[in-house]
Amino acid sequence: MAGKTLLQIIGSLLLITVCIITPADGARSLSARRVRGSPSRANNRYDRSITTFDPEGRLLQLEYALIAAEERGRGLTVCVEWDGIVIFAFPSSDTSDSDASLASTESTSNNPAGEELIFDTVTEHNPTHNSKIHRLSPTHLLLTSGLAGDSRTLASAFRRVVASWTHQNYGEVITTRELAAEVGKVRHSIGLRPGARVLGVIGLLIGLDENEGDDDSPITVRVYRSFPGGTIDRCNVCCTGGGADANGNLARKEAMDILTNIVSGSSRHQIHSDPEVSPTEEEELQTIIEKVAQVALDAQMGGGELKNDVEDECEQNTKLDIWVVRASELQHEPDERNVRNTLALSSFHRHLGRALMDIRYARRVSSSQLTKAARSLTRTATKVTLD
């Protein structure tokens, strides 16, 4: 009888131990077990190698990399492309106030009251401002969401392709579409090597591209998204980060719906106080900048579900970086009389090499400063024109 009782006690202890250890499943997270499905040992062998498909035809290592990119994105990043101008916003990094010394004298003129909002004209990439932004070339910018080390590795891959294309193979500036396709091949090749680990980062490539069918504005700014498996897609509205759980997926879906309606023009009647008055292009752009920033701000504050007193405190502590990217004026050659005819007769890459990307951003912007930041950024956002 005593022996039977002892066996029951031992069995109960073993059951408790299994219940405690099984949810941890080694170093695997809840998100990883959700992707893999059943936590049985039979399924574990399919996620050890990037080259092994599971019975459902999935590469689990790619799905794990996507989870890492969304979980480690440090807040929701929203990006829209409107009329050749790219606007994106994301939570500010926790940097010290010493960054204020990096701002130009233009910042003081835009901020006479000495508020915390800082405007800065960026001509060369300064990595001390934010580690999510990587300047690849004078015509390309990379916005990343995911592991910091993998983000730097992805940026290096982009830079190698730019240098090889420009200085070794073709001797001309690469377009954003061509650069995205080349790096997509590189990321896909990683998944073909046994023992390799795919990069846990989603990259948004922003740069100058050919604006086909528009002679007045032959160069525009476009956005291409790069996924861990090498997939490249062209996007006018995209959101990354914010978490890989149900709340993160819901935040990205809601942000996509709101921004898509804004860019498509379904909310233009809300831009002006009088519905019968059509807003100007500058007013519309300012409203889009404000709404893009507001979507990122709401996501960072938890979707606006906080109480009033907590919400006020959260708004004061929540800061955003807002970026506006456009194509600058073409640098005309002295002997070029008819630019449009020359564009039609020669390679587009030649003229792309004479254009630059103009970048303006406002950093550490609070909720009460969105309108002022959008107004300042709007004054510099104009399209490329040809004389």
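Residues numbered from 1 in each chain as written. Predicted model: local features only at pLDDT ≥ 70, side-chain atom pairs only at ≥ 80, totals over all residues. Heavy atoms only, no water.

Visitor: A description of the overall build of the protein chain should follow, citing residues and the corresponding values.
Guide: Check the secondary structure of the protein chain and you find 13 helices and eleven strands. Looking at the protein chain as a whole, 47% of its 387 residues are labelled buried. Pairs at least 24 residues apart make up 67% of the contacts formed inside the protein chain by residues separated by at least 6 positions. Carbon together with sulfur atoms contributes 52% to the accessible area of the protein chain, which is approximately 19,700 Å² in total. (Helix = DSSP H or I, 4+ residues; strand = E, 2+ residues; numbered from the N terminus. Buried < 20%, exposed > 50% of the residue type's maximum accessible area, 1.4 Å probe, protein only. Contact = heavy atoms within 4.5 Å. Areas by Shrake-Rupley, 256 points an atom, 1.4 Å probe, with all protein chains shown as cover.)

Visitor: Hey, could you go over the pattern of salt bridges for me, with residue numbers and the actual values?
Guide: Per the stated rule, a full pass over the model turns up ten salt bridges. Residue D150 is joined to R197 by a salt bridge in which the shortest nitrogen-to-oxygen separation is 2.9 Å. With a gap of 47 residues between them, D150 in helix α6 (residues 148-169) and R197 in the loop between α7 (176-190) and β6 (201-210) connect regions that are remote in the sequence. Where R326 meets D358, a salt bridge forms, and the shortest distance between an N and an O atom there is 3.0 Å. Here the residue R326 occupies a position in strand β10 (residues 320-327), and D358 occupies one in strand β11 (residues 357-365), the gap between them amounting to 32 residues. The exposure classification of R326 matches that of D358, with both residues buried. When salt bridges with common partners are traced through the structure, they connect D54, E56, R58 and E63 into a single cluster. (Salt bridge = Lys/Arg side-chain N within 4 Å of Asp/Glu carboxyl O.)

Visitor: Explain the sheet that holds β6 residue by residue, including any values.
Guide: Spatially, the five strands line up as an open sheet ordered β4-β5-β6-β7-β8, and their pairing is antiparallel. The sheet terminates laterally at β4 (133-137) and β8 (232-234), the two strands that pair on one side only. If you compare each strand with its neighbour and ignore which way they point, the axes differ by 25° on average. Direction of pairing for β6 relative to strand β7 (residues 219-226): antiparallel, over a ladder of eight bridges. Bridge assignment links I206 to a residue of β7, and that residue is V223. The sheet contacts of α6 involve β4, β5 (140-146) and β6, and relative to β4 the element is tilted by about 10°. Against the sheet, α7 touches β4, β5, β6, β7 and β8, its axis set at about 150° to β6. (Pairing = 2+ DSSP bridges. Axes fitted to C-alpha atoms, helices over the stretch in contact; angles between N-to-C directions.)

Visitor: I'd like to hear about the side chain of R187, residue by residue, with values.
Guide: Among the structural elements, R187 can be located in helix α7. What R187 contacts, discounting residues up to four positions off in sequence, is L154, L199, V201, G203, S226, F227, P228, G229 and G230.

Visitor: Provide a residue-level description of the confidence of the model for the protein chain, including the pertinent values.
Guide: Taken as a whole, the protein chain shows an average pLDDT of 75; of its residues, 63% reach a score of 70 or greater. Below a pLDDT of 50 lies the segment residues 18-30, which in the model reaches ten contacts outside its immediate sequence neighbourhood of four places, other chains included. Segment residues 304-310 is flagged for pLDDT under 50; beyond a separation of four residues in sequence, or across chains, it makes four contacts in the model. (pLDDT = per-residue confidence, 0-100.)

Visitor: Can you explain α7? Please cite residues and give values.
Guide: Between its terminal C-alpha atoms α7 stretches 21 Å, which fits the 21 Å expected from 15 residues at 1.5 Å a residue. Of all the residues in α7, the buried ones are T176, E178, L179, A180, V183, G184, R187 and I190. (Expected span 1.5 Å × (residues − 1).)

Visitor: So what's going on with the packing of aromatic side chains? Residues and values would help.
Guide: Taken as a whole, this structure holds four aromatic pairs when the rule is applied. Taking the centre distance of 6.2 Å and the plane angle of 15° together, the rings of F88 and F90 count as stacked. Under the relative-accessibility criterion, F88 is labelled buried at 0%. Judged by its relative accessible area of 0%, F90 is buried. (Phe/Tyr/Trp six-rings, centres within 6.5 Å; stacked < 30°, edge-to-face > 60°.)

Visitor: So, the nonpolar core: which residues are in play, and what are the values?
Guide: One finds V78, V80, I87, L259, I289, V292 and I322 to be the most contacted residues of the largest nonpolar core, which totals 31 residues. Mapped by element, the contributors of at least two residues to this core are β1 (77-82), β2 (85-91), β9 (237-240), α8 (246-264), α9 (281-300), β10, β11 and α13 (370-378). Ranked by size, the runner-up nonpolar core spans 23 residues in total, among them F90, L141, L204 and C238. (Core = buried A, V, L, I, M, F, W, Y, C linked by side-chain atoms within 4.5 Å.)

Visitor: I'd like a rundown of the pairing of β2, residues and numbers included.
Guide: Burial of β2 is extensive: seven of the seven residues sit out of reach of the surface. Note that β1 and β2 share five bridges and pair antiparallel. Its bridge partner lying in β2, E81 is registered against V86. The hairpin turn running from β1 into β2, its antiparallel successor, is two residues long, and D83 in that turn takes a positive phi close to 55°.

Visitor: Can you break down the packing of α9 against α13 residue by residue, with the values?
Guide: How two helices sit against one another is set out by the angle between their axes and by the gap between those axes. The contact between α9 and α13 brings their axes to 9 Å, and the two run at 135°. For the element pair α9 / α13, the angle class is oblique. With respect to the hand of their crossing, α9 and α13 are arranged in right-handed fashion. Of the residues in α13, those in contact with E282, L285, Q286, I289, E290, A293, Q294 and L297 of α9 are L370, T371, A374, R375, L377 and T378. Taken together, the residues of the contact of α9 with α13 sort by class into seven nonpolar, four polar and three charged. (Parallel < 35°, antiparallel > 145°, perpendicular 65-115°, else oblique. Left-handed = near helix turned anticlockwise from the far one by under 90°. Nonpolar A, V, L, I, M, F, W, Y, C, P; charged D, E, K, R; others polar.)

Visitor: So what's going on with unusual backbone geometry? Residues and values would help.
Guide: Positive phi is not limited to glycine here, since D83 has a value of about 55°. When its relative accessible area of 38% is taken as the criterion, D83 is described as partly exposed. One non-glycine residue, R364, lies in positive phi territory at about 55°. The residue R364 is located in strand β11 in this model. Of the residues examined, R364 reaches a relative accessible area of 8% and is grouped as buried.

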